[in-house]
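A look at the structure
The residues making up each chain are set out below.
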Amino acid sequence: MKDQLRRLEPDFWRAPSAHNTQPWTLTYTDGEAEIGWDPSRALPVSDPTGRDLRLSLGAFIECCLIVCAGAGLSVAFRPDPGPRRAGFLYAAAQPYATPFTTADIRARGTNRGEYHPGRLPDSLVAELTGMRRLACRDLADLLYAADLHQFGDRDVTRELRAWLRLTRRHRRYLLDGLTDRALALSRAEAAGLRASLALYPALRRLGLPRVLAGASRGLLDYDGDVLVLVGPVSDELELGRVLMRHWLTLSGHGYTTHPLSQMIDCEPTRQALADRLGVADPRSLLHVARVGRPKSPAAPSARMRT
Ligand SMILES: Cc1cc2nc3c(=O)[nH]c(=O)nc-3n(C[C@H](O)[C@H](O)[C@H](O)COP(=O)(O)O)c2cc1C
C-alpha cells in the first residue's frame with residue numbers, strides 16, 4: 001500500500017487548508033497510513049480552537065479517499081483521534097464510493113478575484129447539506145468589521161504574515177502559504193502590502209488596520225451568495241470532508257469559493273452572523289465563503305508535494 005499511496009501524494013496534497021499550511025502528515029506503518037498533523041503548521045493564534053485545522057484534515061481525508069478510488073485502490077478511513085492524529089487509511093474490501101474524480105480534485109481551487117453577478121440556483125444550494133445561504137451585500141458591514149478586527153490584532157497579523165509569499169523571490173513561494181498570485185494581487189498591490197506589513201508595528205496606531213481592512217471593502221458589494229457551513233463543533237473533522245465534497249460539487253458546476261473565515265474568527269461578527277441566520281449557538285458556524293462564477297481563472301496554489 002505504501003508505494004501505491006506515495007505515488008498519489010501530489011493529488012492528496014491538493015486538499016485545501018487555511019493559509020495553505022498543508023498541516024497534515026501521512027506516516028506509513030504496518031500496511032496502514034496514519035493521518036496526523038504537524039503542530040508547526042497549525043495556526044495557534046488565528047485558529048486557537050483548531051476548527052480550521054480539523055476542517056482542513058477532513059478535506060485531506062476526503063481527497064485521499066477520492067484519489068485512491070480513482071486509482072482503483074480499495075482504501076477506507078478509520079477515525080482514531082489521538083495526540084496529533086486523526087485516524088488511519090487502511091486496505092478495505094471495496095474502493096470508496098464517490099461521484100468525484102482525481103480530475104475534479106485537480107480542477108478545484110479558491111478564487112479571490114471578481115465574480116459575475118448572480119445567485120446560485122436553489123436546487124444546487126439544497127444539495128449542499130449543512131450550508132446556509134445569505135446575500136453578499138447583506139454581509140458587507142460584517143466583513144469590514146471582521147477585517148478591522150483581524151488587522152487590528154498584531155499577533156493575528158504577524159501569524160498571517162508568516163504565511164504570505166508576496167514576492168516570487170520568497171524561498172517557499174512554490175511550496176506553501178498564500179502567494180501574491182493566489183491572493184489575486186497585482187505586483188504593485190503585493191509590494192504595497194509587503195511594505196505596509198513590514199511597517200505594521202509603527203503604523204498600527206496610525207490607522208494601518210483601517211487601510212488594510214478597506215482594501216477588501218467592495219468585495220461583497222455585488223449580487224452574489226455567501227454560504228455558511230453550520231454543524232456541531234464536535235464533528236469538525238467529518239464536516240471538513242463534507243466541505244470538500246460541497247466545494248467539488250460547486251466546482252463541477254463552474255462555481256468557485258472564496259473563504260472569509262475572519263467573519264467567524266471575530267467574536268462580535270460571529271455572533272451577528274449567527275443572529276442573522278437564526279442560529280442559537282454561534283460556535284456552530286464552521287465556515288464562511290462567498291461563492292460564484294469567477295470572471296477569470298485563479299492561479300493554482302503552491303504545494304509541498306508536486
Ligand atoms: C478551513 C479553511 C479556512 C480557510 N479560510 C480562508 C480565509 O479566511 N480566507 C481565504 O482567503 N482563504 C481561506 N481558505 C482557503 C485557503 O487559503 C486555500 O484553500 C489554500 O490557500 C489552498 O488553495 P486552493 O484552495 O486554491 O487549493 C481556507 C481554507 C480552508 C480549508
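In what follows, the structure referred to is the one given above.
Overview of the structure. Note that the structure is predicted; figures quoted are calculated from it, not measured. Position numbers for residues start from 1 in each chain and track the written sequence from start to end. For a predicted model such as this one, the threshold for reporting local features is a pLDDT of at least 70, and the threshold for listing and counting side-chain atom pairs is 80 or more; totals across whole chains, interfaces and linings nevertheless cover every residue. Excluding hydrogens and water, the side-chain figures rest on all heavy atoms present in the structure.

Further remarks concern the overall build of the protein chain. Across its full length, the protein chain carries 12 helices and 10 strands. In summary, the protein chain has a C-alpha radius of gyration of 19 Å against a globular reference of 19 Å for 306 residues, a match within 12%. Over its C-alpha atoms, taken along the principal directions, the protein chain stretches across nearly 60 × 45 × 35 Å. Each residue is assigned to one of three classes by its accessible area relative to the maximum for its type, calculated with a 1.4 Å probe on protein chains only: buried under 20%, partly exposed between the two thresholds, exposed over 50%. Residues classed as buried in the protein chain amount to 50% of the 306 residues present. By the convention used here, residues are in contact when the closest approach between their heavy atoms is within 4.5 Å. Put simply, 75% of the contacts in the protein chain that link residues at least 6 apart link residues at least 24 apart. Strands are runs of DSSP state E lasting at least two residues, helices are runs of H or I lasting at least four, and both sets are numbered from the N terminus onward. Here the radius of gyration uses the C-alpha set of atoms, whereas the globule reference equals 2.2 Å times the residue count to the power 0.38.

Positioned with a positive phi, glutamine 22 is a non-glycine residue whose angle comes to about 50 degrees. When you line up the elements, glutamine 22 lands in the loop between helix H1 (2-12) and strand E1 (24-29). Residue alanine 184 is not a glycine yet carries a positive backbone phi of 60 degrees. Within the secondary structure, alanine 184 is located in the loop between strand E7 (178-179) and helix H7 (187-198). Residue classification places alanine 184 among the partly exposed residues on the basis of a relative accessible area of 46%.

Glancing now at the site of the ligand. In the vicinity of the ligand lie 21 residues, with Arg108, Thr110, Arg112, Ser261 and Arg303 positioned nearest. At 2.6 Å from an oxygen atom of the ligand is found a side-chain nitrogen or oxygen belonging to threonine 110. Two N or O atoms form a polar contact when they lie within 3.5 Å of each other; inside protein one atom must be a possible hydrogen donor and the other a possible acceptor, and for residues adjacent in sequence the pair counts only when both atoms belong to side chains. Contact distances for the ligand include 3.0 Å between an oxygen atom and a side-chain N or O atom of serine 301. Only helix H2 (51-70) and strand E9 (256-259) provide two or more residues apiece to the shell around the ligand. A total of three residues in the shell around the ligand trace back to one element, the largest contributor, which is H2. The residue inventory of the shell around the ligand, partitioned by class, reads six nonpolar, 11 polar and four charged. We call a residue near a molecule or strand whenever a single non-hydrogen atom of that residue lies within 4 Å of it. Gly counts as polar in this scheme, as do all residues outside two lists: the nonpolar Ala, Val, Leu, Ile, Met, Phe, Trp, Tyr, Cys and Pro, and the charged Asp, Glu, Lys and Arg.

What follows deals with the pairing of E1. Residues Trp24, Leu26 and Tyr28 line the buried face of E1, whereas the alternating positions Thr25, Thr27 and Thr29 sit on a face that is not buried. Whether two strands pair depends on DSSP finding at least two bridges between them. Pairing geometry for E1 and strand E2 (residues 32-37), over six bridges, is antiparallel. Within E2, the position partnered with threonine 25 by the bridge is glycine 36. Two successive antiparallel strands, E1 and E2, enclose a turn made up of two residues, where aspartate 30 displays a positive phi of approximately 45 degrees.

Let's shift gears to the pattern of salt bridges. The working definition used for a salt bridge is a side-chain nitrogen of Lys or Arg within 4 Å of a carboxyl oxygen of Asp or Glu. Overall, the coordinates contain 23 salt bridges when judged by the stated rule. As a salt-bridge pair, aspartate 11 and arginine 106 come within 2.8 Å of each other at their nearest N and O atoms. Placement of aspartate 11 in helix H1 and of arginine 106 in helix H3 (residues 102-107) is noted, with a sequence separation of 95 residues between them. Look at arginine 106 and you get exposed, because its relative accessible area is 56%. For the salt bridge of aspartate 122 with arginine 133, the shortest nitrogen-to-oxygen distance reads 2.9 Å. Highlighted residues: aspartate 122 in helix H4 (residues 122-127) and arginine 133 in strand E5 (residues 131-135), separated in sequence by 11 residues. In this structure aspartate 122 comes out as exposed when scored by relative accessible area, which is 60%. Ionic contacts of the salt-bridge type, sharing partners, join the residues Arg41, Arg165, Arg172 and Asp176 into one network.

Taken together, the four strands give an open sheet; going across it, the order is E5-E8-E10-E9, and neighbouring strands pair in antiparallel fashion. Strand pairing shows two members of the sheet lacking a second neighbour, E5 and E9, which therefore form its edges. Across this sheet, the average inter-strand angle for adjacent strands is 35 degrees, counted without regard to direction. Looking at chain direction, E9 and strand E10 (residues 285-292) are connected through four bridges and run antiparallel. Of the residues in E10, the one forming a bridge with threonine 256 is glycine 292. What counts as an axis is a line fitted to C-alpha atoms, over the stretch in contact for a helix, and the angles between N-to-C directions run from 0 to 180 degrees.

Glancing now at the environment of aspartate 155. In this fold, aspartate 155 is placed in helix H6 (residues 154-162). Under the relative-accessibility criterion, aspartate 155 is labelled partly exposed at 36%. Put simply, aspartate 155 and proline 23 are 132 residues apart on the chain and 20 Å apart in space, counted from C-alpha to C-alpha.

So, about the packing of aromatic side chains. Two rings from Phe, Tyr or Trp (for Trp, the six-membered ring) form a pair when their centres are within 6.5 Å of each other. A pair whose planes differ by under 30 degrees is stacked, one over 60 is edge-to-face, and the rest are tilted. The tally for this structure, following the rule as stated, stands at four aromatic pairs. Relative to phenylalanine 60, the ring of tryptophan 13 has its centre 5.4 Å away and its plane inclined at 85 degrees; by these criteria the two rings are edge-to-face. Residue tryptophan 13 is found in the loop between H1 and E1, and its partner phenylalanine 60 is found in helix H2; the two are separated by 47 residues along the sequence. Residue classification places tryptophan 13 among the buried residues on the basis of a relative accessible area of 3%.

As for its position among the elements, threonine 167 is in the loop between strand E6 (164-165) and E7. Here threonine 167 falls in the buried class, since its relative accessible area comes to 15%. Those residues in contact with threonine 167, other than ones at most four positions away along the chain, are Tyr173 and Arg194.

Shape descriptors only; they carry no functional weight alone.
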